[in-house]
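# Chain and residue survey
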Amino acid sequence: MTEVPADDNGTSGSQRALALAAGVAAGWVALWWLVVLVLKPSPDFLPSPAQVVQRIALLAQASLGDGTLWLHVVMSLYRFLAGFALAAAVGIPLGILMGYFRVLDRIVTPIFELLRPIPPIAWAPFAIIWFGGSLGSQAMVIFTAAFAPILINSYRGVKMVEPSLVGAARTLGARPRVVLLEVVLPASVPMLIAGVRIGLAAGWMALIAAEIVAGDGASSGLGYLILVGQRTLQANLTIGAMLVIGVLGAAIDYGVCRLERRVVTWQ
Amino acid sequence: MHRERLVTLGYWIGTLLALAGLWWWAAASGRFTPHVLPPPQDVLESFGRVMDGYMGGDVWTHLWASLRVVLLSFALAVLIGVPLGVLMAWIESVGVVMSPLIAVLRPIPPPAWIPLAILWFGIGLPGKVFVCFVAAIVPVVVNSFLAIRQTPPELLNAARTLGTGRTRLLFEVALPSGLPVIMTGLRISLGLTWATIVAAELVVAPAGFGFLIMNGYRNFESAIMAGAMIGIALVAVLMNAALEFVERRVVPWDSRDD
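This section reports on the structure supplied with the text. (Residues numbered from 1 in each chain as written. Chains lettered and ligands numbered in written order. Predicted model: local features only at pLDDT ≥ 70, side-chain atom pairs only at ≥ 80, totals over all residues. Heavy atoms only, no water.)

### What about the overall build of chain A?
Applied cut-off: Going along the chain from the N terminus, every DSSP run of H or I of four or more residues is numbered as a helix, and every run of E of two or more is numbered as a strand. For every residue, the accessible area obtained with a 1.4 Å probe (protein chains only) is divided by the maximum for its type, and the residue is called buried under 20%, exposed over 50%, and partly exposed between those limits. Whether two residues touch is decided by their heavy atoms; if any such pair falls within 4.5 Å, the residues are in contact. Values of accessible area rely on a 1.4 Å probe in the Shrake-Rupley scheme; residue burial ignores everything except the protein chains shown. When charges are counted, Lys and Arg contribute as positive and Asp and Glu as negative, whereas His and the chain ends are disregarded. Here the site of a charge means NZ on Lys, CZ on Arg, CG on Asp, or CD on Glu.
Helix and strand counts for chain A stand at 10 helices and zero strands. The dimensions of chain A, computed from C-alpha atoms along their principal axes, are 75 × 55 × 30 Å. Residues classed as buried in chain A amount to 46% of the 267 residues present. When contacts within chain A are restricted to residue pairs at least 6 apart in sequence, those whose partners lie at least 24 apart make up 72%. Summed over its atoms, the accessible surface of chain A is roughly 12,900 Å², and 68% of this surface lies on carbon and sulfur atoms. In chain A, the 17 positive side-chain charges and the 13 negative ones have mean positions that sit 6 Å from each other.

In structure tokens form, the structure reads like this:
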């Protein structure tokens with residue numbers, strides 16, 4: 001059902017490999033710079049790496065729209081958390097209950113399967129009509145994006161619990177509630193966290209899309225910065241904001257990876 | 001087992017009927033304006049309107065406007081991405097050089113490229129193909145890379161022991177063994193590309209399914225919006241089914257049921 005974009009965070013990679021990667025990355029930046037120096041494109045079209053860094057550094061002090069870079073970062077994270085927290089708060093319990101209670105599974109699955117093929121961003125216009133042009137609509141789009149992977153993985157986590165574990169607990173006289181809380185739930189945590197990770201990535205993508213598509217009511221957020229850069233022909237602002245989004249997205253994923261290793265110590 | 005399927009089917013039909021009934025009832029209750037909640041019959045009627053021609057073309061014009069971008073970008077992504085991912089895994093130096101680039105591009109959500117594409121290519125076909133291509137290629141490269149990397153060592157060693165050369169090892173051992181993972185990458189990619197073209201058309205487009213949603217929104221025609229969303233979901237399901245069909249043909253030995 002879900003395709004997990006498999007991951008290759010080879011943390012076993014030695015310091016040397018990391019240094020090599022950093023060197024190669026520097027080489028790519030140098031190549032970008034060389035292209036700008038040789039072809040001399042208009043800065044509206046392709047700014048140099050220095051111009052991008054300068055623009056972002058400037059934005060850290062000078063305000064644009066509602067505030068400086070920090071405000072835009074905070075606003076994006078705020079919207080993201082609002083939608084994501086809702087998706088996790090509904091998706092995890094619902095997925096677990098669906099995995100545990102057959103009836104619920106049979107009722108929710110058709111609705112879920114019917115709504116799932118609609119790309120989250122396609123909800124944006126209805127989200128604006130229902131919840132207004134800013135936080136509400138963006139949170140709904142993020143919710144829609146993050147909900148599906150979180151629900152599916154919580155559900156699968158429960159379904160994939162070894163039946164012998166449940167059987168053993170039952171034999172020892174555990175009540176259904178105890179089986180759910182003390183056997184099924186811990187055993188499904190790895191799947192659950194994997195779902196949260198995919199949900200975070202999907203939600204992050206939806207946030208930027210929502211800020212670009214449904215952001216007309218707001219003058220804040222990283223998507224807003226990208227859009228302003230395009231409208232005022234500041235390619236350095238657009239590219240800089242994209243890099244900030246990429247770095248934040250990668251940082252969030254890295255954080256969850258670390259958390260995963262903390263929580264799931266037995267794997 | 002047979003009975004089980006009938007029960008599941010019953011629940012499907014029952015739930016969907018209840019859902020449709022609830023929608024119809026909520027819309028008819030007068031508590032919501034048709035703008036907030038378009039009645040199902042209006043949405044059905046909107047299908048007819050788009051079929052007959054809406055905003056400069058019938059439904060096929062709009063479908064083709066979206067679909068040709070997706071097919072073009074997807075084809076490009078497969079042609080470039082599969083060899084790239086495979087080479088990154090198979091030849092150490094290619095992997096070292098390309099990995100940082102992929103690592104930087106990967107966490108940037110595809111819709112974030114839309115404004116840059118407008119700056120670089122304008123609002124026509126090339127800009128949309130660019131955005132969709134960027135969206136499409138990442139999962140293709142990542143999965144092709146992993147497909148080759150995850151080749152069971154015992155397979156490679158067995159073939160090596162039998163004296164297989166490096167080229168044959170790639171084409172006759174590593175690639176066939178990794179094909180299911182590559183195909184999964186293609187399916188993720190196609191779904192993502194479809195979502196991306198919808199996002200791009202919501203921002204700016206003269207035609208297409210995303211444009212229908214945006215136009216419905218601007219003209220206060222919620223029924224058109226809902227109709228276009230259903231159309232988008234339908235195409236997504238059909239495209240996924242088509243790729244699954246291809247997948248079963250290409251990797252008949254793969255028994256994963258996802």
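Further notes follow.
### Some points on the packing of helix α6 (residues 125-149) of chain B against helix α8 (residues 166-203) of chain B
Residues and elements named next belong to chain B. The condition is simple: Helix axes are fitted only over the stretch in contact, all axes being lines through C-alpha atoms; the angle between N-to-C directions runs from 0 to 180 degrees. Convention used here: angles under 35 degrees read as roughly parallel, angles over 145 as roughly antiparallel, angles from 65 to 115 as roughly perpendicular, and any remaining angle as oblique. For any pair of crossing helices, the crossing counts as left-handed if the nearer helix is rotated counterclockwise from the farther one by less than a right angle, and right-handed if it is rotated clockwise. Throughout this entry, Asp, Glu, Lys and Arg are counted as charged residues, while Ala, Val, Leu, Ile, Met, Phe, Trp, Tyr, Cys and Pro are counted as nonpolar. The remaining residues, Gly among them, count as polar.
Orientation of α6 relative to α8, taken along the N-to-C sense of each, is 155°, at an axis distance of 7 Å. With respect to each other, α6 and α8 are oriented roughly antiparallel. When you trace α6 past α8, the crossing you get is right-handed. Partitioning the contact of α6 with α8 into residue classes produces 17 nonpolar, eight polar and two charged.

### Side note on the interface of chain A and chain B
In many reports, interface size means the accessible area that the parts give up when they come together. Spelled out, the test is: In this description, buried area is defined as the sum, over both parts, of the accessible area (probe of 1.4 Å) that is lost when the two are combined. Salt bridges are defined by distance alone: a side-chain nitrogen of Lys or Arg within 4 Å of a carboxyl oxygen of Asp or Glu. Here a polar contact is taken to be a pair of N or O atoms separated by no more than 3.5 Å, where protein atoms must pair a possible hydrogen donor with a possible acceptor and residues adjacent in sequence count only if both atoms sit in side chains.
Listed by partner, the interface residues are 55 residues for chain A and 55 residues for chain B. Across the chain A/chain B interface, buried area totals approximately 4,700 Å², and carbon plus sulfur atoms make up 80% of it. One salt bridge in this structure joins Glu4(B) and Arg102(A), with 2.6 Å as the shortest N-O distance. Viewed at the interface, chain B and chain A are joined by five residue pairs in polar contact (both at pLDDT 80 or more). Ranked by residues supplied to the side of chain A that touches chain B, first place goes to helix α10 (residues 235-263) of chain A with nine residues. Here the residues of the side of chain A that touches chain B sort into 41 nonpolar, six polar and eight charged.

### As for a nonpolar patch on the surface
What counts, and what does not: A patch is a set of surface residues, each over 30% in relative accessible area and not in a salt bridge, joined within 9 Å for like charges and within 5 Å for the nonpolar side chains Val, Leu, Ile, Met, Phe, Trp and Tyr.
On the surface, Val29(A), Leu31(A), Trp33(A), Leu34(A), Val35(A), Leu37(A), Val38(A) and Leu39(A) cluster together into a nonpolar patch covering about 740 Å² of accessible area. Structurally, Leu37(A) is set in helix α1 (residues 15-39).

### Details of the packing of aromatic side chains
Stated precisely, the cut-off is as follows: Only rings of Phe, Tyr and Trp enter the pairing, Trp through its six-membered ring, and a pair is recorded when the two centres are within 6.5 Å. The plane angle decides the type: under 30 degrees is stacked, over 60 is edge-to-face, the rest tilted.
By the definition in use, this model includes 12 aromatic pairs over all chains. Centre to centre, the rings of Trp194(B) and Phe209(B) are 6.5 Å apart; their planes meet at 65°, and the pair counts as edge-to-face. Of this pair, Trp194(B) sits in helix α8 while Phe209(B) is found in helix α9 (residues 209-218), placing the two residues 15 residues apart along the sequence. An aromatic cluster is defined as three or more aromatic residues linked by ring pairs; in this entry it consists of Phe45(A), Trp113(B), Trp120(B), Phe121(B) and Phe130(B).

### Here's the deal with unusual backbone geometry
The phi dihedral of Lys40(A) falls on the positive side, at around 50°, and the residue is not glycine. On the accessibility criterion, Lys40(A) (66% relative accessible area) is exposed. Positive phi, close to 55°, is recorded for Phe220(B), a residue that is not glycine. Inspection of the secondary structure puts Phe220(B) in the loop between α9 and α10 (222-250).

### What to know about the nonpolar core
To be explicit about the condition: In this text, buried Ala, Val, Leu, Ile, Met, Phe, Trp, Tyr and Cys residues form a nonpolar core when linked through side-chain atoms within 4.5 Å.
Judged by nonpolar contacts, the single largest core of 149 residues is most densely connected at Ile121(A), Leu225(A), Trp113(B), Ile148(B), Trp194(B), Phe209(B) and Ile213(B). Look past the residues within four positions of Phe209(B) in its chain and what remains in contact with it is Val59(B), His62(B), Leu63(B), Ser66(B), Trp194(B), Glu201(B), Ala228(B), Gly231(B), Ile232(B) and Val235(B).

### What to know about the pattern of salt bridges
Residues and elements named next belong to chain A. Evaluation of the coordinates by the stated rule reveals nine salt bridges over all chains. A salt bridge links glutamate 113 to arginine 116; its shortest N-O distance comes to 3.8 Å. Judged by relative accessible area, glutamate 113 falls into the partly exposed class, the value being 23%. Taking the shortest distance from any N to any O, the salt bridge between arginine 197 and aspartate 253 comes out at 2.9 Å. Of this pair, arginine 197 sits in helix α8 (residues 176-213) while aspartate 253 sits in helix α10, and the two are 56 residues apart along the sequence. A relative accessible area of 16% places arginine 197 in the buried class. A relative accessible area of 26% places aspartate 253 in the partly exposed class.

Geometric descriptors of this kind do not, in isolation, establish any biological role.
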